[in-house]
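# A closer look at the structure
Letter by letter, the chains look like this.
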Amino acid sequence: LASIHWMTAEYDKCVTTAEQALSQMDEGASPTSLSIEYRDIQILLAQAYYALGDYDRSLEYLEQVAEQSPSPDSPTFAEDLLQAIEQITGS
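Nothing here was measured: the structure is a model prediction, and the numbers come from that model.

### Some details on the packing of aromatic side chains
By the definition in use, this model includes two aromatic pairs. Ring centres 6.0 Å apart and planes at 10° place the aromatic pair tyrosine 49 and tyrosine 61 in the stacked group. In this pair, tyrosine 49 sits in helix α3 (residues 38-51) while tyrosine 61 sits in helix α4 (residues 55-68), placing the two residues twelve residues apart along the sequence. The exposure class assigned to tyrosine 49 is buried, which follows from its relative accessible area of 9%. By relative accessible area, which is 9% here, tyrosine 61 ends up buried. Aromatic pair tyrosine 50 and tyrosine 55: ring centres 5.1 Å apart, planes at 65°, arrangement edge-to-face.

Here it is, written out as structure tokens:
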């Protein structure tokens, strides 16, 4: 639902819906029967806050996503990066 609000430029509704989904996921519940990654919602929130002109909040979510990204210093970086790409693309 948050994605639909994003696509229709209803950014306030997108933020509200996406933050509710993150809250539900934090409590261990799945917000829908679809497989939704926590990170995907964070990226959507970063985009919505950016569109609303709230660059500080957008940056907060982007930093959270970056913290979860594979580290180039890791000996398994290539495998970690491949797995992250596969998760994003659904491969």
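### A look at the packing of α3 against α4
Where α3 meets α4, the closest approach of the two axes is 7 Å, and the angle between their N-to-C directions is 155°. Judged on the interaxial angle alone, α4 and α3 are roughly antiparallel. For the pair α3 and α4, the crossing hand works out as left-handed. In this structure, α3 uses Arg39, Gln42, Ile43, Leu45, Ala46, Tyr49 and Tyr50 to contact α4, whose residues at the interface are Tyr55, Arg57, Ser58, Tyr61, Leu62, Gln64, Val65 and Gln68.

The rules behind the values
Residues numbered from 1 in each chain as written. Predicted model: local features only at pLDDT ≥ 70, side-chain atom pairs only at ≥ 80, totals over all residues. Heavy atoms only, no water. Phe/Tyr/Trp six-rings, centres within 6.5 Å; stacked < 30°, edge-to-face > 60°. Helix = DSSP H or I, 4+ residues; strand = E, 2+ residues; numbered from the N terminus. Buried < 20%, exposed > 50% of the residue type's maximum accessible area, 1.4 Å probe, protein only. Axes fitted to C-alpha atoms, helices over the stretch in contact; angles between N-to-C directions. Parallel < 35°, antiparallel > 145°, perpendicular 65-115°, else oblique. Left-handed = near helix turned anticlockwise from the far one by under 90°. Contact = heavy atoms within 4.5 Å.

Don't take any of this as a statement about function, it's just geometry.
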